[in-house]
Amino acid sequence: MLIAVVLLLVLSRAIAQNIHWGPDGNSYFQLEENQLVRYTLPSQAREIIVGEKDLTPAGQDALQVRDFTFSQDNKKILIYTNTKRVWRLDTQGDYWVLDLVSKELKQIGKGLPESSLRFAKLSPDGGKAAYVSEFNLYVEDLNGGQITQLTRDGNRRLINGTFDWAYEEEFACRDGFQWSPDSKRISFWQIDASRIRDFYMINNIDSVYSQIVPVEYPKVGESPSPARIGVIELAGNNLTWLNIPGDPQQHYLPRMEWHSPEQLLVQQLNRKQNHSKILALNVVQNTSRLVFEEQDEAWIDVLSSWENVYALTYRHTFQWINDGKEFLWISEKDGWRHLYRIGLDGKETLVTAGDFDVINLLRFNEKENVVYFHASPYNATQKYLYKTRLDGKGKAEKVTPAGLEGTHEYAISTNGKYGFHIFQNHHTRPVSEWLSLPKHQPLDKSEDIASKIPTSRYDSSLEFFKIKTADGTEMDGWMLKPKGFDPKKKYPLVFFVYTEPWGANVKDVFGVGRNRLYEGDMSQDGYIYMSIDNRGTPAPKGRAWRKSIYRKIGRLNISDQAEAAKQIVQWEFVDPERVAVWGWSGGGTATLNLMFQYPEIYKTGISIAAVANQLTYDNIYQERYMGLPQENLEDFVVGSPIYHAKHLKGNLLYIHGTGDDNVHYANSDMLVNELVKHGKLFQLMAYPNRSHSISEGEGTTAHLRKLFTDYLRRYCPPGGR
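Definitions and limits used
Residues numbered from 1 in each chain as written. Predicted model: local features only at pLDDT ≥ 70, side-chain atom pairs only at ≥ 80, totals over all residues. Heavy atoms only, no water. Buried < 20%, exposed > 50% of the residue type's maximum accessible area, 1.4 Å probe, protein only. Helix = DSSP H or I, 4+ residues; strand = E, 2+ residues; numbered from the N terminus. Pairing = 2+ DSSP bridges. Right-handed = clockwise from strand over helix to strand, strands pointing away. 1 Å grid on protein atoms, 1.4 Å probe; cavity = no way out; pocket = protein on both sides within 12 Å on 5 of 7 lines; lining within 4 Å. Points joined across faces, edges and corners; volume = space filled by probe spheres on them. Nonpolar A, V, L, I, M, F, W, Y, C, P; charged D, E, K, R; others polar. Domains from an automatic or database assignment. Contact = heavy atoms within 4.5 Å. Buried area = accessible area lost by both parts, 1.4 Å probe. Salt bridge = Lys/Arg side-chain N within 4 Å of Asp/Glu carboxyl O. Polar contact = N/O pair within 3.5 Å; in protein donor to acceptor, adjacent residues only side chain to side chain. Axes fitted to C-alpha atoms, helices over the stretch in contact; angles between N-to-C directions. Parallel < 35°, antiparallel > 145°, perpendicular 65-115°, else oblique. Expected span 1.5 Å × (residues − 1).

Within an unreviewed UniProt entry, the label attached to the protein reads Dipeptidyl peptidase IV, and the organism entered is Mariniradius saccharolyticus AK6.

S.K.: Hey, could you run me through the pairing of strand S42 (residues 651–657) in this one?
M.R.: In summary, the side chains of a regular strand alternate between the two faces of the sheet. With 6 of 7 residues buried, S42 is to be regarded as a mostly interior element. Of the pairings in the sheet, the one linking strand S41 (residues 604–608) to S42 comprises 5 bridges and is parallel in character. Its bridge partner lying in S42, Thr604 is registered against Asn651. As paired strands, S42 and strand S43 (residues 683–687) are joined by 5 bridges and run parallel to one another. Across the sheet, Gly657 pairs through a bridge with Tyr687, a residue of S43. Traced from S42 through helix H11 (residues 666–677) to S43, the parallel crossover comes out right-handed.

S.K.: Would you take a moment to explain the layout of surface pockets for this structure?
M.R.: One simple way to see leftover space: roll a probe sized like a water molecule over the atoms. Its volume calculated, the second largest pocket comes out at about 650 Å³. Contributions of two or more residues to the lining of the second largest pocket are made by strand S6 (76–86), strand S16 (198–203) and strand S17 (211–216). Per element, the largest residue contribution to the lining of the second largest pocket is 4 residues, and it comes from S17. Per-class residue counts for the lining of the second largest pocket are 10 nonpolar, 8 polar and 9 charged.

S.K.: Just checking my understanding: could you explain the domain arrangement of the protein for this structure?
M.R.: Once the domains are mapped, the protein shows domain 1 (29–142), domain 2 (150–317), domain 3 (323–454) and domain 4 (462–715). Relative placement of domain 1 and domain 2: their C-alpha centres are 25 Å apart. The interface of domain 1 with domain 2 comprises 27 residues on the first partner and 30 residues on the second. Roughly 2400 Å² is buried in total at the junction of domain 1 and domain 2, and carbon and sulfur atoms are behind 67% of that figure. In terms of surface lost to domain 2, no three residues of domain 1 exceed Trp87, Phe135 and Leu137, which account for 31% of the buried area on that side. The interface formed by domain 1 and domain 2 includes 2 salt bridges. One can count 12 residue pairs in polar contact (both at pLDDT 80 or more) joining domain 1 with domain 2. Of all the secondary-structure elements, those providing two or more residues to the side of domain 1 that touches domain 2 are strand S5 (65–70), S6, strand S7 (89–99), strand S9 (117–122), strand S10 (128–133) and strand S11 (136–141). For the side of domain 1 that touches domain 2, the element with the most residues is S10, which contributes 5 residues.

S.K.: Mind showing me how you'd approach the pattern of salt bridges here?
M.R.: Side chains carrying opposite charge are able to pair once their charged atoms draw close together. Going through the model one piece at a time under the given rule, you end up with 36 salt bridges. Residue Glu32 is joined to Arg46 by a salt bridge in which the shortest nitrogen-to-oxygen separation is 3.0 Å. Residue Glu32 is found in strand S2 (residues 27–32), and its partner Arg46 is found in strand S4 (residues 45–50); the two are separated by 14 residues along the sequence. Note that Glu409 and Lys383 form a salt bridge whose closest N and O atoms lie 2.8 Å from each other. Here Glu409, found in strand S32 (residues 407–412), pairs with Lys383, found in the loop between strand S29 (370–375) and strand S30 (384–389); they are 26 residues apart in sequence, far enough to count as distant. Comparing Glu409 with Lys383, the two get one shared label, buried. Taken together, the shared-partner salt bridges in this structure form one network comprising Asp296, Glu332, Asp357, Arg543, Arg546 and Lys547.

S.K.: How do you make sense of the side chain of Asn505 when you look at a structure like this?
M.R.: Along the chain, Asn505 falls in the loop between strand S38 (491–496) and helix H4 (522–525). Residues contacting Asn505, with those up to four places away along its chain left out, are Trp478, Phe496, Val497, Tyr498, Val512, Ser531 and Asp533.

S.K.: Would you take a moment to explain the packing of helix H8 (residues 619–626) against helix H9 (residues 629–638) for this structure?
M.R.: Pairs of packed helices are described in terms of their axes, by the angle between the two and the distance that separates them. The geometry of H8 relative to H9 is characterised by a closest axis approach of 11 Å and an angle of 80° between their N-to-C directions. If you check the angle between H8 and H9, you find them roughly perpendicular. Across the interface between the two elements, Gln622, Glu623 and Met626 of H8 pack against Pro629, Asn632, Asp635 and Phe636 of H9. When the residues that make up the contact of H8 with H9 are grouped by side-chain class, the tally is 3 nonpolar, 2 polar and 2 charged.

S.K.: How should I be thinking about helix H12 (residues 700–715) in this particular structure?
M.R.: Each full turn of the α-helix corresponds to 3.6 residues, which orients residues three or four apart in the same direction. In this model, H12 (16 residues) spans 23 Å end to end at C-alpha, consistent with the 22 Å of a helix rising 1.5 Å per residue. Buried within H12 we find Thr700, Leu704, Leu707, Phe708, Thr709, Tyr711 and Leu712. Close packing links the buried residues of H12 with S38, H4, strand S40 (574–584), S41, S42 and S43.

Laid out in structure tokens, this is it:
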């Protein structure tokens, strides 16, 4: 059942996120059974645009399409196939161009290594393609087939047109070059990782001799990899490095976009990530001009966990309005996450006003003077569609109909007239409909959400609740009680935690309250399963809520969780001697801190892929939320589980993959060493060569689930007593 639930949830989200809208907004394209299909709205007339025959090179099997993009004139399609994973995503592969008129199918990048091309793009005029292969940029003439190598100095340490591990993981920067609007220039990032020390992972299973796997990984306290932006004039292959003020070793460049054939906009962020500047760069004169800047006492988000930053085609983009004189920008400068209009002259206008957060921007329609966005002003566990006037002179209006309490996802067409809508909550499986806007009317009444809800209901005993700390802070939580619950009995309690700024657990979605690592049904077996979102988690509760954790990771989040737990274990039906906690990544870190700092509460813990020592993690993430260790080292030390390890009293299972390039296995060795030093008994499971997801290798997931379930049942026995 759990697998089916997860697959259904993933599928519904994928449909919303992977709709390729037609340029007029009245149609969309989707891949179906390796065919490219166009649907015309509102009739949903279906037409196969590219069949499998069109995708079959002479003498070969049909291409298996991973993704596709159209040329601006819609006469060509760029097809991405034969992909390989790079870090988190499969951003490397082969590309083919299909001419929709002649039906000619040609591979680009021939002669380069198989599956080595990254982020290929057709030029705006449709005559060329550019791509990265093995850290260098290339451009190819689609008519004559001539390939020109634009950079020649690229290597693992000097990266052209893409990014290093830290930029990709923490800024979602992967695609590192762009065409100018007139197809005459290409701008690109170059990351100099030569000064970043390698972290060495060890592969002990693929040979009788160990193999070293180096990863250029800037630890917290290390200066950033210097980044610069180059512009190549294709006519003479002339390269110009843009003059961007500031020390490259003390700044980041997370965003870049062409505004006109001669002007780029670039976001520059200082190392502490609390001072952001938008610069207009004239690429002909090689001059820069400040357009907009803001500062924050904590940090400024380049992106948020509310965005689909792990989508294959995710890109930071400036949303241009008013004939390119202004762009839309999100800021928390007034205490809430709001949408602003920013002019190239520096003038700004607040578009969304009020005590609520804009979760994310969906679409705007200048002609209709409307902008659509997700928000949930009154319940931070849910999400709805809102709209307001684009000129900033209106109030936010809820568009989602009343009576559908829960979480709503929308994908809105380019003209703002149509939308794909998914609804779910903890007792309703994801259901979807196509609708027209602004009235939110279903295109087909027989296929609308209202008609599907009766058969999508799920009998859930999950409860949402609120709990307050001594200072009056109110936190959201959910609880799943055992089946056949008897309030006169005492039951074991299992907390699921994350607690850090990149994730919230308490959401009104289908499948919440299900533990994918537990073999069986926790509720049926007699466990109370629970999760609470503390201060600092990315809930739509305002800037003060989210940024209260600045320089306090490992302390504020942990004390919030423990204070709530102290109240909960006093509930009559909770057995205080059977209290467990578990989490993964940041949740694994929280699990360790809770076990070590509050051993009187948490008797059993299962920690997976945890940061045991904050000084081992990457500089972009850890310095964003904690400052610089050169200035406030004590905050890093006392917030790290290893500092408190000597206080362990309960049962601890620590799990880590030795091939984890995100949270390095060195954390495990450091923690084990400290626990041994203090004579603490625990259990350790190291998964050879597994990454942060611990998913690779035959039998891994099944083994992890069995290990998790056996340990929990043994040391936190189920059932009421």
